[in-house]
Amino acid sequence: MMPTPVILLKEGTDTSQGVPQLVSNINACQVIAEAVRTTLGPRGMDKLIVDNRGKATISNDGATILKLLDVVHPAAKTLVDIARSQDAEVGDGTTSVTLLAAEFLKQLKPYVEEGLHPQTIIRAFRIATQLAVKKIKEIAVTIKKDDKQEQRQLLEKCAATALNSKLIAGQKDFFSKMVVDAVMMLDDLLQLKMIGMKKVQGGALEDSQLVAGVAFKKTFSYAGFEMQPKRYENPKIALLNIELELKAEKDNAEVRVNNVEACGGSIQTSVGSLTDDVLGLCELFEEVQVGGERYNFFKGCPKAKTCTIILRGGAEQFMEETERSLHDAIMIVRRAIKNDSIVAGGGAIEMELSKYLRDYSRTIPGKQQLLIGAYAKALEVIPRQLCDNAGFDATNILNKLRAKHAQGGMWYGVDVNNEDIADNFQACVWEPAIVRINALTAASEAACLILSVDETIKNPRSSVDAPPVPAGRGRGRGRPPHAH
């Protein structure tokens with residue numbers, strides 16, 4: 001008698017479990033990291049991604065690239081998610097987060113293959129992350145807030161570090177000033193949506209400008225409007241919800257909403273009751289030609305602190321990438337204002353943490369020692385990748401760095417300009433400590449999450465989007481049954 005096989009899941013269900021499953025998940029994450037690996041740092045390359053509609057996007061931002069890649073592997077999606085969360089939380093360091101998580105897994109792969117229990121690994125990683133975060137907080141440098149001038153320089157340096165690895169690195173001085181100005185104009189809440197970005201094709205990047213107030217495309221014209229003055233001092237603004245002309249309503253609505261937030265006043269549906277209290281105010285209204293478009297500028301709005309950045313540039317993709325880069329820089333400056341401690345970038349903080357954890361791991365017995373050592377080794381992926389992307393001899397530079405950190409030069413990192421190591425704190429390669437803390441915690445969480453999965457069950461029906469069309473009832477497929 002053959003025993004009857006127990007059919008638990010319906011046929012076609014794909015299950016894989018155990019160590020091979022873990023290893024294949026780890027491999028999938030390596031592939032994801034390969035996709036963004038070369039975009040890290042000031043010498044990083046950009047990726048050109050074409051979606052199914054043929055729209056091309058050129059980007060250097062890890063989160064943008066991973067968002068546009070259609071990742072189907074369930075474990076690898078975790079990496080996409082942490083890149084996104086890093087983008088939302090701190091704005092920059094999206095590539096680093098993905099690389100770190102993948103490198104953690106890569107260092108752990110031999111242990112998993114040898115049959116070390118994932119929970120042991122996870123416990124060691126949690127300890128290592130806590131130690132690393134504590135260490136960052138210890139060595140981060142706090143900046144004085146009371147000195148406005150000094151704080152401003154600091155913010156500009158943080159913005160410049162964020163823009164270093166982007167397409168617009170050549171104009172980073174120009175843009176980092178602009179970004180800091182923009183953030184400084186906001187009120188204490190630092191709402192991101194109060195910084196508008198408008199893209200106007202044509203002109204050079206340096207023609208981009210920052211408007212202290214609301215700016216939008218000219219939305220109205222009327223008979224004889226060429227004769228009207230184009231500048232008004234202290235005008236009153238009526239926000240009307242009536243069609244004064246036949247034109248796309250979307251633009252007008254957007255304009256009205258922005259204006260209410262900035263200039264005060266309220267939206268009226270009729271011209272009957274225009275009293276002073278429903279009108280908005282601003283100090284200056286002017287109409288300016290920007291590129292081929294006419295723009296209306298409302299400056300000096302009393303109610304909300306808002307500003308608009310008008311980007312110029314040749315190609316559309318280029319301007320979109322500039323907008324993404326500026327978004328990163330703006331987020332970084334906001335973070336630096338709120339959390340006033342900074343660390344040196346360029347692989348310096350990673351090397352210091354690596355040394356610290358390696359020394360720590362020598363003091364404890366057992367398996368934890370190996371695992372925390374692996375964590376320490378994985379941190380070196382950031383400086384190594386910076387060297388690789390710049391075409392340097394990574395092994396040589398990492399050896400120099402290890403020696404320097406062992407002697408106590410804690411802010412030494414990769415110097416991309418002279419193929420050497422340098423004190424990145426002196427070189428003003430700075431980033432807010434919160435960026436690194438967030439990157440480490442997110443990366444190690446993702447690594448632990450992927451390690452704790454040991455089985456994947458794929459439902460056959462859900463993996464195919466459309467149900468297969470049964471023959472004979474399709475759209476005119478197959479001959480009608482009676483026509484034999």
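Residues numbered from 1 in each chain as written. Predicted model: local features only at pLDDT ≥ 70, side-chain atom pairs only at ≥ 80, totals over all residues. Heavy atoms only, no water.

Per an unreviewed UniProt entry, the recorded name for the protein is T-complex protein 1 subunit eta, and the organism is Pygocentrus nattereri. UniProt's Function (unreviewed entry) comment on the protein is quoted here verbatim: "Molecular chaperone; assists the folding of proteins upon ATP hydrolysis. Known to play a role, in vitro, in the folding of actin and tubulin." In its Subcellular location (unreviewed entry) section, UniProt records this for the protein: "Cytoplasm". (UniProt positions renumbered as here; feature names shortened; annotations may be inferred.)

What follows concerns the packing of aromatic side chains. Inspection of every chain in the model, using the stated rule, returns eight aromatic pairs. Judged by centre distance (5.0 Å) and plane angle (50°), the rings of Phe285 and Phe298 are tilted. Here Phe285, found in strand S13 (residues 284–290), pairs with Phe298, found in strand S14 (residues 293–299); they are 13 residues apart in sequence, far enough to count as distant. For the residue pair Phe285 and Phe298, the accessibility class agrees, reading buried in each case. Geometrically, the ring pair formed by Trp411 and Phe425 is stacked, given 5.5 Å between the ring centres and 20° between the ring planes. With Trp411 in the loop between helix H13 (394–406) and strand S17 (412–415) and Phe425 in the loop between strand S18 (420–423) and strand S19 (430–432), this residue pair connects regions lying 14 residues apart in the sequence. Using a relative accessible area of 10% as the deciding quantity, one classes Trp411 as buried. The ring of Tyr356 has Lys135 lying over it, and the distance from NZ or CZ to the ring centre is 4.8 Å. The ring of Tyr412 carries the charged tip of Lys404 above its face, separated from the ring centre by 4.9 Å. (Phe/Tyr/Trp six-rings, centres within 6.5 Å; stacked < 30°, edge-to-face > 60°. Helix = DSSP H or I, 4+ residues; strand = E, 2+ residues; numbered from the N terminus. Buried < 20%, exposed > 50% of the residue type's maximum accessible area, 1.4 Å probe, protein only. Lys NZ or Arg CZ within 6 Å of the ring centre and 35° of its normal.)

This part is about the side chain of Ser354. Relative to the elements of secondary structure, Ser354 occurs in helix H10 (residues 348–361). Beyond its immediate stretch of four places on either side in the chain, Ser354 contacts Ala376, Lys377, Leu379 and Glu380. (Contact = heavy atoms within 4.5 Å.)

With respect to the element layout, Glu316 can be found in helix H9 (residues 316–338). When the C-alpha atoms of Glu316 and Val200 are compared, they prove to be 9.0 Å apart, with 116 residues separating the residues in sequence.

Moving on: the nonpolar core. One finds Phe104, Ile121, Ile309, Leu326, Leu357, Leu440 and Leu451 to be the most contacted residues of the largest nonpolar core, which totals 115 residues. Looking at this core, the element that brings in the most residues is helix H14 (residues 433–451), giving 12 residues. In this structure, Ile309 is in contact with Met178, Ala182, Ile195, Gly196, Met197, Lys198, Gln209, Leu210, Leu326 and Ile330, ignoring residues within four places of it in sequence. Phe216, Leu239, Cys263 and Cys301 belong to the second-largest nonpolar core, a separate cluster that totals 10 residues. (Core = buried A, V, L, I, M, F, W, Y, C linked by side-chain atoms within 4.5 Å.)

The next subject is the state of the cysteines. Inspection of the entire model under this criterion finds zero disulfides. Between Cys428, a cysteine without a disulfide, and Cys158, which holds the nearest cysteine sulfur, the sulfur-to-sulfur distance is 9.8 Å. (Disulfide = S-S within 2.5 Å.)

Along its 23 residues, H9 runs 33 Å from first to last C-alpha, staying within 8% of the 33 Å computed at 1.5 Å per residue. Counting buried residues along H9, 17 of its 23 residues qualify, which places the element largely inside the surrounding structure. (Expected span 1.5 Å × (residues − 1).)

Looking now at unusual backbone geometry. One non-glycine residue, Glu419, adopts positive backbone phi at about 50°. Considering the arrangement of structural elements, one finds Glu419 in the loop between S17 and S18.

What follows is about the side chain of Thr64. Mapped onto the elements of the fold, Thr64 is located in helix H2 (residues 62–68). Not counting residues up to four positions away in its chain, the partners in contact with Thr64 are Ser59 and Arg324.

What follows concerns the sheet that holds strand S4 (residues 141–142). Sheet strands associate in pairs through backbone hydrogen bonding, adopting either a parallel or an antiparallel arrangement. If you walk across this open sheet you meet the three strands as S4-S16-S19, and the pairing is antiparallel. Edge strands, defined here as strands with exactly one partner in the open sheet, are S4 and S19. Where strand S16 (residues 341–344) and S19 come together, three bridges link them in antiparallel fashion. Across the sheet, the residue bridging to Ile342 is Pro432, located in S19. Docked against the sheet, H14 engages S16 and S19, running at close to 65° with respect to S19. (Pairing = 2+ DSSP bridges. Axes fitted to C-alpha atoms, helices over the stretch in contact; angles between N-to-C directions.)

At a minimum axis distance of 8 Å, the contact between helix H3 (residues 77–89) and helix H4 (residues 94–113) shows a crossing angle of 145°. Crossing hand, H3 versus H4: right-handed. Here H3 contributes Leu79, Ile82, Ala83, Gln86 and Asp87 to the contact with H4, which in turn contributes Thr94, Val97, Thr98, Ala101 and Ala102. Classifying every residue of the contact of H3 with H4 gives six nonpolar, three polar and one charged. (Left-handed = near helix turned anticlockwise from the far one by under 90°. Nonpolar A, V, L, I, M, F, W, Y, C, P; charged D, E, K, R; others polar.)

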